Amino acid sequence: KDVIYSRRPAMPGQQKMSYNGLEIAFSPYSEQWRDVRKFCTLELFTQKRAQMSVRPVREQEVYRMIDGLEEAASASKEVDVHRCFSDFGSSVITRVAFGKRYDEGGKFHRLLSDVEALYANFFVSDYFPMFGWIDKLTGMMARLDRTFIELDMFYQELIDEHLKPDRPASTTDDVIDVLLKNKSSASFALTMNHVKAILMVIIM
């Protein structure tokens, strides 16, 4: 019974964005899900990695945020606290995942907003699969496909950057580095779609 209740519903939007459930958030309970969870637990979400890779980034971004607040205070400028902390969280996540920061207003944040809007919107097929054709009429499926293609291209660009032989060496590995370096040693067939799906979970 536990296995039955732990299964996740296969909703079209979630399945599309997760490359048909290749990660651990939206994938149904299965041997593949257990393999991916085990890999992420042993390679990505370890205490050693949190201390060596995540903590320095978090501390640097805290100092950067404080400097920005001090600068605004000295100039008697109003501060949007929500945006301040949102930028802080976004910077930490993107630096840990991709190895670089993305400023507000760029392509990454636009794609992120599109994905959040899609998850918040109502898909008829999520509740009445036999009426999924309505999502096509309303343009929801076309919007989903368009956003997925853009995200896939974005992920691929990041992966290609990390695979360049002349890429500057870094003292710490980001998530993409870890995934690519351990791709052949995983206990299952870790594909590029797995890498992209895991990145999706991390940024979302």
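Just above sits the structure.
A. Expanded view of the side chain of S18. Within the fold, S18 resides in the loop between α2 (12-17) and α3 (31-43). Residues in contact with S18, not counting those within four places in the same chain, are E23, F26, A197 and M200.

B. Quick peek at the pattern of salt bridges. As enumerated under the stated definition, the model contains 14 salt bridges in all. Through salt bridges with shared partners, a single ionic network connects E61, R64, R95 and R101.

C. Molecular detail of empty space enclosed by the protein. Following the criterion strictly, the structure yields one cavity of 30 Å³ or more and no others. For the largest cavity, the calculated volume is near 40 Å³. Per-element tally for the lining of the largest cavity: the top contributor is helix α11 (residues 192-203), with three residues. When the residues that make up the lining of the largest cavity are grouped by side-chain class, the tally is six nonpolar, no polar and no charged.

D. The layout of surface pockets, seen in detail. Of the voids in this model, the largest pocket is the one considered here, and its volume is about 480 Å³. What lines the largest pocket is a set of 22 residues, and nearest its centre among them are R64, G68, R83, C84 and D87. Broken down by secondary-structure element, the contributors of at least two residues to the lining of the largest pocket are α4 (47-74) and α5 (81-98). Taken together, the residues of the lining of the largest pocket break down into seven nonpolar, four polar and eleven charged.

So, how was this worked out
Residues numbered from 1 in each chain as written. Predicted model: local features only at pLDDT ≥ 70, side-chain atom pairs only at ≥ 80, totals over all residues. Heavy atoms only, no water. Helix = DSSP H or I, 4+ residues; strand = E, 2+ residues; numbered from the N terminus. Contact = heavy atoms within 4.5 Å. Salt bridge = Lys/Arg side-chain N within 4 Å of Asp/Glu carboxyl O. 1 Å grid on protein atoms, 1.4 Å probe; cavity = no way out; pocket = protein on both sides within 12 Å on 5 of 7 lines; lining within 4 Å. Points joined across faces, edges and corners; volume = space filled by probe spheres on them. Nonpolar A, V, L, I, M, F, W, Y, C, P; charged D, E, K, R; others polar.

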